[in-house]
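# Notes for the structure review
Each chain is listed here by its residues.
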Amino acid sequence: MRSLPALLFALALGACANPGVDPAPPPADAPAEAPPGEPVAAPDFDGPAWLAAVEAAPDDAALVALSETLLDALDWRTACGEDDPTSPRRGIVEVHHLGDGLDIAGVTCETFAYQSVFAIVSVPPDAAPRLVRARLVGEDGQPSENTSESFLGLLSAGAVPGTFEVFTKSAGHGGCGTDARYALQPDGSATVVQVRANDCTAPVSPDEWPVTFSAE
């Protein structure tokens, strides 16, 4: 059975087809919805306090310890496929502020040469944290039919409040790949709102990649 990181590579880099899944993308003018995110299992878990502790962590060891604390409430390992504690930088947490009081934490599953597989946890100030689910974006720059709780690439806050972006390189030079913007929803899902993409036939700067999908 293929692990989630392997599936992410297959979709993002075009390594192979996924049997049993309709490869046809949704229409370019249709929203790409995902099911609700996985809710926290411990109702007394203090998400904002955990988030503050992550931001105050002095080193990677403290971040990994905090990711392990999160496991008591929300098992982010489900997003990582195989549970391999020896994976490079596994459990490192990074906080991203999306504006409008919305915060997310990216929890590393495994780091590669120039990008990572990671889970995303939404941490609202007045609700339980959730493990974020979203449609995966294929190498063609279209949302696929596959829904996952793990992402491949580099995570950042979006320029629009309430959004985050996942920049995925198809090659180390960064001249081809996908740049997907997601809108975080209250139920822990993330909707694909825009994708820019470029294949490796003619690598160019990411700033020049065309828009291949827009939900607006």
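Description of the structure in this document. (Residues numbered from 1 in each chain as written. Predicted model: local features only at pLDDT ≥ 70, side-chain atom pairs only at ≥ 80, totals over all residues. Heavy atoms only, no water.)

## Details of the nonpolar core
If you look at the biggest cluster of nonpolar residues, it comprises 26 residues, and the most contacted ones within it are Trp50 and Leu70. Sequence-distant contacts of Trp50, that is, excluding residues within four places in its chain, are made with Phe45, Leu66, Leu70, Val93, Ala105 and Val123. Within the second largest apolar cluster, 18 residues are counted, among which are Ala134, Val137, Phe164 and Val166. (Core = buried A, V, L, I, M, F, W, Y, C linked by side-chain atoms within 4.5 Å. Buried < 20%, exposed > 50% of the residue type's maximum accessible area, 1.4 Å probe, protein only. Contact = heavy atoms within 4.5 Å.)

## Quick look at the packing of helix H2 (residues 47-56) against helix H3 (residues 60-71)
Where H2 meets H3, the closest approach of the two axes is 9 Å, and the angle between their N-to-C directions is 165 degrees. In terms of orientation, H2 and H3 fall into the roughly antiparallel class. In this structure, H2 crosses over H3, and the sense of that crossing is left-handed. Residues Trp50, Ala53 and Val54 of H2 touch H3, and the partners they reach there are Leu63, Leu66 and Leu70. The residue inventory of the contact of H2 with H3, partitioned by class, reads 6 nonpolar, no polar and no charged. (Axes fitted to C-alpha atoms, helices over the stretch in contact; angles between N-to-C directions. Helix = DSSP H or I, 4+ residues; strand = E, 2+ residues; numbered from the N terminus. Parallel < 35°, antiparallel > 145°, perpendicular 65-115°, else oblique. Left-handed = near helix turned anticlockwise from the far one by under 90°. Nonpolar A, V, L, I, M, F, W, Y, C, P; charged D, E, K, R; others polar.)

## Re unusual backbone geometry
The backbone of Arg89 shows a phi angle near 60 degrees, a positive value even though the residue is not glycine. Mapped onto the secondary structure, Arg89 falls in the loop between H3 and strand E2 (93-99). What makes Arg89 partly exposed here is its relative accessible area of 41%. At Asp100, a residue that is not glycine, the phi angle is positive and equals roughly 55 degrees. For Asp100, the position within the fold is in the loop between E2 and strand E3 (102-111). The class for Asp100 is exposed, based on a relative accessible area of 68%.

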